[in-house]
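Observations on the three-dimensional arrangement
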Amino acid sequence: MIPHNAPSCSRVASALRSQRAHTFKAFYATIRGSRQLTPEKSDEAPPPDNDFIMSILRANPSLRDTRSYLASFGLRPQTPPQETTAPRIDLPLDPSVSTEPIPIVAAHPKPSPVIASILNPVYRRTALVKVQGPFTDTQLDSITRGLVYLEKLGLVSVIVVENDERPRGDQDERSAIVDETMRVVTSLEKQGSRARPIVGAMVRLGPKPEDDASLLESDFIPPETHAIPSDLIPIRSALRAGEIPVIAPFALDSFCRSVRVDANDVIVGLARGMVEASAIDSSRTAMEDDIPSFPDEVDLTPLRLMIINRDGGVPSYARSGYPHLLINLTSEYHHIHETFDERWRHSNPSALANLALARTCLAYMPASSSAVMVSHKSPSSLIGNLITNKPAVSSSLPHALLQGNRKLTPHTPTLLRRGLPIQVLRSVADIDKEKMNALLEQSFNRTLDQESFYKRLSKSLDYVIVAGDYAGAAIVTNELSSTSTTPISYLDKFAVLPSHQGDGTVDFLWVALHDESYGLGHPFSANPNGGRGGKGEGRDLVWRSRSNNPVNKWYFERSSGHVRMGSWVLFWCDGEKRLKIEEGRRGSAGLSYVEEWEEGRLSDWADAVTKVPSSWK
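Residues numbered from 1 in each chain as written. Predicted model: local features only at pLDDT ≥ 70, side-chain atom pairs only at ≥ 80, totals over all residues. Heavy atoms only, no water.

1. Thoughts on the side chain of aspartate 604
Secondary-structure assignment places aspartate 604 in helix H19 (residues 601-609). No salt bridge is formed by the buried aspartate 604; its nearest oppositely charged neighbour, lysine 611, is found at 7.9 Å. Of the polar contacts made by the side chain of aspartate 604, one reaches the side chain of threonine 483; its length is 3.1 Å. If sequence neighbours within four positions are ignored, aspartate 604 has contacts with Ser481, Ser482, Thr483 and Ile488. (Helix = DSSP H or I, 4+ residues; strand = E, 2+ residues; numbered from the N terminus. Buried < 20%, exposed > 50% of the residue type's maximum accessible area, 1.4 Å probe, protein only. Lys, Arg positive; Asp, Glu negative; His and termini not counted. Salt bridge = Lys/Arg side-chain N within 4 Å of Asp/Glu carboxyl O. Polar contact = N/O pair within 3.5 Å; in protein donor to acceptor, adjacent residues only side chain to side chain. Contact = heavy atoms within 4.5 Å.)

Here is the structure:
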């Protein structure tokens, strides 16, 4: 973002003048007046024969997404077979008896790597799935079709069935729930899969006996159910047989009676129990290397939590009631509760309960895991979530680009991640320099000139947004303007650790940057990050990047516009509040490409950013 040899201001100004007349659109671009794209087809339509392949292609995975998928589901590493020399047994000499040595058969024959790879083409992982009905037969077939697609890609569902319209305590509730479980089994088998109903209690009511009492005093609420490894035998048996377990929401009470409970309680107990059982399996395997692994084993650790219902994701006040695209549970959980409209308690009655379910389950699941809340009308989005582990639409995209196949609907899925805390720092003294240095040098793969960098920040720093323990950071400075007394808001550094790229941190960071800079002043920019809380006037945000920077594609989509300056590209995001007010005043006339108050700002920005010295040695 910072150049070594910046072009002079006069060269930039001449480039602006010379290209404005004949190559305006090529060298200068904004998102104003973006055309509408063709809306995507509904998942309610009958699927074509190539629906599975098309669902994968629609996910449009990047190279990083593909590598991440292969790391989770690729071929298991095969240990080269070790040749064992058979001991020779000496027998008495007898002409009628052969004197050839008698080999000793190995105690644990291992399948050949070739055969194992054919029998088990992918490393199979599990997903906990809540099917929250009731659904019609057509809707259920659409859901199970998506789950069968996931099975083909290596993600085997462990399904827990729920029926919101079946009140608890009815005389025939057990038979009704069993019937609902069998409907799901029948639908899965209709799609070509194999399924096994499990109508016995899989979890036990009450906290786990060894739970620490200190958990009760913390913000985290421990689950009301638990499972021990022996409880999971039916699930293991089904998975080894190549069947999808479909579980009824029953639990054992203190009198060892099987009682109906909320499906959320069953899922939370299973999430914790499966993670703990998988850890025991891993430690046992590490101690007993000579025991062969067979291709029917499935990793019990849940990689995904999928909540499939009729309402879709969690409504967002920032999106006029349309669903959140991506939720950082660590920093947004309580804020979502505080801003949840009372009307949504009727339109999305289970949204907050499912939000709490995701938070509790992800606390036990691996950090790379995620949860997705999706409507039965969008089952194909499950494929995209599996391959990319990203929301259907990036939460950091500007609203102007949420059109066509990116258009938000009430059924747009919500992706939830454990996430990271976000904080805003306004003083260089508050920065942990050692951690910041490590973040910047690992992200840019260059050596930071620490003395000159922090000396400049001490004079020009506006604020720093930090994600987690310096997993990512956005540094914004105030640069002098040649035409105004108001300083230019300049994004000096935007960095994410390589280990956190692709896990949602970059979107969490950019959304916080939006709320603190060019999005300031909107009611939905009020956030719990310790910044301005949405109060103030948004300013244009400016930054630059090398023209050959592979991240530019990401910048192009999030910026309001860009201008090419030789080997550099200058990006900017317009202050949204002022434009929104002006757009409302003009009505159908809309905004022009360059407003009156915007004239001359490109040259001013180019002049300011080319004076910023390099931060690197």
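2. With respect to the sheet that holds strand E4 (residues 195-198)
Taking strand neighbours across the sheet as the criterion, the 8 strands line up as E4-E7-E3-E2-E10-E12-E13-E11 in an open arrangement whose pairing is mixed. Lying at the two open borders of the sheet, with one neighbouring strand each, are E4 and strand E11 (326-328). Averaged over all adjacent pairs, the angle separating strand axes in this sheet is 25°, with direction ignored. For strand E10 (residues 299-309) and strand E12 (residues 370-375), the ladder comprises 6 bridges, and the chain directions are parallel. Residue methionine 306 lies in a different strand from E12, and its bridge partner there is valine 372. (Pairing = 2+ DSSP bridges. Axes fitted to C-alpha atoms, helices over the stretch in contact; angles between N-to-C directions.)

3. So, helix H13 (residues 381-388)
Across the 8 residues of H13, 8 count as buried, placing the element largely inside the fold. All buried positions along H13 are accounted for by Ser381, Leu382, Ile383, Gly384, Asn385, Leu386, Ile387 and Thr388.

4. Topic: the sheet that holds strand E6 (residues 225-226)
Within the open sheet, the 4 strands sit side by side as E6-E5-E8-E9. Their pairing is mixed. Since the sheet does not close on itself, it has two edges, and those belong to E6 and strand E9 (258-260), each with one partner. Examined bridge by bridge, strand E5 (residues 203-205) and E6 share 2 bridges and lie antiparallel to one another. Residue pairing across strands places leucine 205 opposite threonine 225, the latter belonging to E6. Its contacts with the sheet place helix H7 (residues 173-190) against strand E8 (250-252) and E9, and it is angled at close to 80° to E9.

5. Here we look at the packing of aromatic side chains
Under the counting rule described, the total for this entry stands at 14 aromatic pairs. Where tryptophan 554 meets tyrosine 555, the ring centres are 6.1 Å apart and the plane angle is 65°; that geometry is what we call edge-to-face. Each member of the pair, tryptophan 554 together with tyrosine 555, is buried. A centroid spacing of 5.2 Å and a plane angle of 55° characterise the contact between phenylalanine 556 and phenylalanine 571, whose relative ring orientation is tilted. One end of the pair, phenylalanine 556, is in helix H17 (residues 552-558); the other, phenylalanine 571, is in strand E20 (residues 568-573), and 15 residues separate them in sequence. When its relative accessible area of 29% is taken as the criterion, phenylalanine 556 is described as partly exposed. (Phe/Tyr/Trp six-rings, centres within 6.5 Å; stacked < 30°, edge-to-face > 60°.)

6. Here we look at the pattern of salt bridges
Scanning the model with the defined rule gives 29 salt bridges in all. The salt bridge involving arginine 345 is made with glutamate 342; its shortest N-O contact spans 3.1 Å. Ionic contacts of the salt-bridge type, sharing partners, join the residues Arg456, Glu479, Asp492 and Lys493 into one network.

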